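Fold and contact review
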Amino acid sequence: MLALRKLSSLSQRASVADELKQYGGNIIHASNQYGSTMSISYAAVNFTGQPRNFPNYGDYQDTYLLTTYGNWWREVPSFSPEFGCKNISLEDDPPIDDFVVLSFENVVYPTALDIFETFHPGAIQRIWAFTFSRKWILLWNVEVDRLQKQKAFQQIGDGKSRLFHPLIRPMDERTRVLRIEFSTRHLDYLPGLDGVMLTGSIYPTDDNQFCRQSTSTTETKTLGKEIDTPENVLNVCEFPYEILFNIFSNLDLLSLRTAEKVCKKFRDVVQDSHLYREVNFRPYWMEVNSEMIAWLSDRCSQIRKLDLSWCGMFGFLKDDDVSSFLRIHGSELTNLRLNSTFIAENSFRCLSTHCRNLRELSIRNASFTNHLRDGFFQHLVRLDIARSDMSTKTLVCILRANPCMQHLNASCCEEINMQEIAMVISVHNLDLVSLNTWKTQTLHTAGLLALKNCTKLQELDLGWSIHDESLEGVLENVVKNCPGLQKLVLSGIRSVQNADMVAIAEHCPDLTQLDVMGCIRITGQAVQAVLMSCRKLRLLEISHCSDLEPLSIGLWKRDYPQVAIKHFTDIY
């Protein structure tokens, strides 16, 4: 009777609609943001709290702005395609490029979600909830809405801002942590978000019946059971090893783990190390744990490429898991990606001591990167340390030891003195093809001038790196010595003048992308010179160039239809 009274009381309390509406409280992690690490302008922190600008439409500093749009970033020399994904279905590996994880103050059973989008909406692709049973549950997927033709948003105000109201699945577990995933490949410009509100019930209701979906395309219920086979039909378990290997080479990792449970012959094939030359765990970030790493370690003696990006949040991976794997297999690796991988310092110590044959190392958003200075890589061709805590001293050591370096991304590395790095590059890394110093803010004219020695440069991103300093023909000297430039980013460098634009027009015939956003000294005549001379140009960013006339911009869009001319005036 006591239990019945308690149940009745709980039902009555739930029926009173004990429902909470709460805005995002804290950012746990953001894989990317337009704002720098030390600033709140355009940073992920603006995604928390009540909306500040909605329903107004515009690119406001106190919103969360992403950094990419369209496929422009995939069409440049620095782009490095995914590996190890050819057997992964689009359902398991949709085109998702960035994510943000945020927490709320109160634990609830989610019933509704509202996201306030104030600039170029439409980037949200999937939404996950992390439950108290330590599981990630998919609340919403853009593909489900497309198939069901559901309208998950409302147009507000002037018809451009958007109140995004995804029809989330009910779930029978509580949460206070959401992960929102983005893709901007279909967008015309950078998306901006102004806040998120989670609605949820304190107590479970009849609607909290979450229909779980299997993450695998195969059912495991029949594993181990005998299957009656006609006499004249060959049982798949009797196939020769070579045929089974060819079949299994088309399976993804989760399917391989399932297949090895069928029979001993399947297990023997699944354990073949040739199946694991290129392994990508990023699409399975929500499932990767210590057991999966140990399972791979027992089978991948010939591994060459490994991607553990996005894995390990909330302790799903232990530092010993990764460091042990690197101690065993690190010497075999040529490509290693640990972007937003949640591991500790011992794993980074292992990188320089056990992974000396790496040609690619990508460690975006990593900490403890200064432990790399205890050893040197000698074969690096590609290094991506964007938003990491690497020091100038560590990067100098790496650059000096790797003269064959071709691609360096040090964007938003605010602890690095880019002036010193540029000097080192101009002496030791003359094969450099792409260099990204976006928002490092420590580059001066002497360092920029030194880059003229890197005559093989095809991509140079100097955005927000140089402030309030006259270039005095320095930029002209650089582009003159780097005629193969295809992408040049000068956003936020107010000292860029007409002479620099004329030099670009004269010396960069292969230029396809030019960003001079915020270069307030350039005039229409200089822009016209670039459009006329750079016949391969496909993207021109001229937002906030205050001396450019709207009439001229309209004429350029008419006369140069092959060029995507981006011009917005409401960012500031």
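The structure reproduced in this document is the subject of the present report. (Residues numbered from 1 in each chain as written. Predicted model: local features only at pLDDT ≥ 70, side-chain atom pairs only at ≥ 80, totals over all residues. Heavy atoms only, no water.)

Comments concerning the overall build of the protein
Note the following rule: Think of it this way: any DSSP run of H or I at least four residues long counts as a helix, any run of E at least two long counts as a strand, and we number them from the N terminus. Relative accessibility decides the category of a residue: with a 1.4 Å probe and only protein chains considered, values under 20% of the type maximum give buried, values over 50% give exposed, and everything between is partly exposed. Here, residues are in contact when the closest pair of their heavy atoms is within 4.5 Å. Methods summary: accessible areas were calculated by the Shrake-Rupley approach with a probe of 1.4 Å, and residue burial reflects only the protein chains presented.
What the protein contains, in helices and strands, is 15 helices and 22 strands. In the protein, which comprises 572 residues, the share counted as buried stands at 53%. Partitioning the contacts of the protein with sequence separation of at least 6, the portion at a separation of at least 24 is 77%. Counting every atom, the protein has about 25,300 Å² of accessible surface; 50% of that belongs to carbon and sulfur.

Things to note about the pattern of salt bridges
Selection criterion: Counted as salt bridges are all cases of a side-chain nitrogen of Lys or Arg within 4 Å of a carboxyl oxygen of Asp or Glu.
This model, assessed by the stated rule, comprises 19 salt bridges. Lys264 is the salt-bridge partner of Asp268, the closest N and O atoms lying 3.1 Å from each other. Taken as a pair, Asp268 and Lys264 lie in helix H5 (residues 264–270) at a separation of 4 residues, close to a single helical turn. In this structure Asp268 comes out as partly exposed when scored by relative accessible area, which is 32%. The partner of Asp384 in a salt bridge is Arg364, with the nearest N and O atoms 2.6 Å apart. Here the residue Asp384 occupies a position in strand E15 (residues 382–384), and Arg364 occupies one in the loop between strand E14 (360–362) and E15, the gap between them amounting to 20 residues. A single salt-bridge network, built from bridges that share partners, covers Glu82, Asp93 and Arg282.

Quick look at the packing of helix H7 (residues 319–329) against helix H8 (residues 345–354)
Counted only if it meets this: What counts as an axis is a line fitted to C-alpha atoms, over the stretch in contact for a helix, and the angles between N-to-C directions run from 0 to 180 degrees. Note that the term roughly parallel is reserved for angles under 35 degrees, roughly antiparallel for angles over 145, roughly perpendicular for angles of 65 to 115, and oblique for everything else. Each residue gets one of three labels, nonpolar for Ala, Val, Leu, Ile, Met, Phe, Trp, Tyr, Cys and Pro, charged for Asp, Glu, Lys and Arg, and polar for the others, Gly among them.
Here H7 crosses H8 at 10°, and the two axes come no closer than 8 Å. Of the possible angle classes, the one that applies to H7 and H8 is roughly parallel. Facing Asp319, Val322, Ser323, Leu326 and Arg327 of H7, the residues of H8 in contact are Glu345, Asn346, Ser347, Cys350, Leu351 and His354. Class assignment for the residues of the contact of H7 with H8 results in 4 nonpolar, 4 polar and 3 charged.

Here's the deal with the sheet that holds E15
Spelled out, the test is: Strands are treated as partners if at least two bridges between them are detected by DSSP.
Here we have 12 strands laid out as an open sheet, ordered E11-E12-E13-E14-E15-E16-E17-E18-E19-E20-E21-E22, and parallel in their pairing. With one partner strand each, in any of the chains shown, strand E11 (278–280) and strand E22 (564–566) form the two edges of the open sheet. Sheet twist, expressed as the mean angle between neighbouring strand axes with direction ignored, is 5°. Where strand E20 (residues 513–515) lies against strand E21 (residues 539–541), 3 bridges are found, and the strand directions are parallel.

Regarding the state of the cysteines
How we decide: In plain terms, two cysteine sulfur atoms within 2.5 Å form what is called a disulfide here.
For the structure shown, the criterion picks out 0 disulfides. As a non-bridged cysteine, Cys355 has Cys350 as the owner of its nearest cysteine sulfur, 7.4 Å distant.

A few points about helix H9 (residues 392–401)
The complete set of buried residues in H9 reads Thr392, Thr394, Leu395, Val396, Ile398 and Leu399. At its buried positions, H9 is contacted by E15, strand E16 (407–409) and helix H10 (418–428).

Focus: the environment of Asn56
Positionally, Asn56 belongs in the loop between strand E2 (26–30) and strand E3 (64–65). C-alpha separation for the pair Asn56 and Thr118, spaced 62 residues apart in sequence, amounts to 6.6 Å. Ignoring sequence-local partners within four residues, the contact set of Asn56 consists of Thr118 and Ser161.

A short note on the side chain of Arg299
The condition is simple: Under this definition, polar contacts are N or O atom pairs within 3.5 Å; protein pairs additionally need one hydrogen-donor-capable and one acceptor-capable atom, and for neighbouring residues in sequence, both atoms have to be side-chain atoms.
By the element assignment, Arg299 lies in the loop between helix H6 (290–297) and strand E12 (305–307). One polar contact links the side chain of Arg299 to the main-chain carbonyl oxygen of Trp295, over a distance of 2.8 Å. Non-local contacts of Arg299, meaning those with residues more than four positions away in its chain, are made with Glu260, Val270, Gln271, Asp272, Ser273 and Tyr276.

Let's talk about the pairing of strand E9 (residues 175–182)
Across the 8 residues that make up E9, a large majority, 7, are buried. Bridge analysis of strand E4 (residues 98–119) against E9 gives 7 bridges, and the strand direction is antiparallel. Note that in E9 the partner of Val100 across the bridge is Ile180. Where strand E5 (residues 124–131) meets E9, 7 bridges bridge the pair, whose relative direction is antiparallel. Counterpart to Thr131 in the pairing with E9 is Thr175.

Thoughts on the packing of aromatic side chains
Applicable threshold: A pair of aromatic rings is counted whenever rings of Phe, Tyr or Trp (Trp by its six-membered ring) have centres within 6.5 Å, and the orientation is called stacked for planes under 30 degrees apart, edge-to-face for over 60 and tilted otherwise.
Taken as a whole and assessed by the stated rule, the structure comprises 21 aromatic pairs. Ring centres of Phe54 and Phe116 lie 5.1 Å apart, and the angle between their planes is 65°; this geometry places the pair in the edge-to-face category. Here Phe54, found in the loop between E2 and E3, pairs with Phe116, found in strand E4; they are 62 residues apart in sequence, far enough to count as distant. Each member of the pair Phe54 and Phe116 is classed as buried. Aromatic rings pair up to connect Trp128, Phe130, Trp136, Trp285, Phe314 and Phe316 into one cluster.

Some thoughts on unusual backbone geometry
Peptide bonds are mostly trans, and most non-glycine residues show a negative phi. Following Phe54, the chain continues into Pro55 via a peptide bond in cis, with omega recorded as 10°. For Phe314, which is not glycine, the phi torsion reads 60° and is therefore positive. A relative accessible area of 27% places Phe314 in the partly exposed class. A positive phi is found at Asn365, a non-glycine position, where the angle reads about 60°. Tracing the backbone through its elements, the reader meets Asn365 in the loop between E14 and E15.

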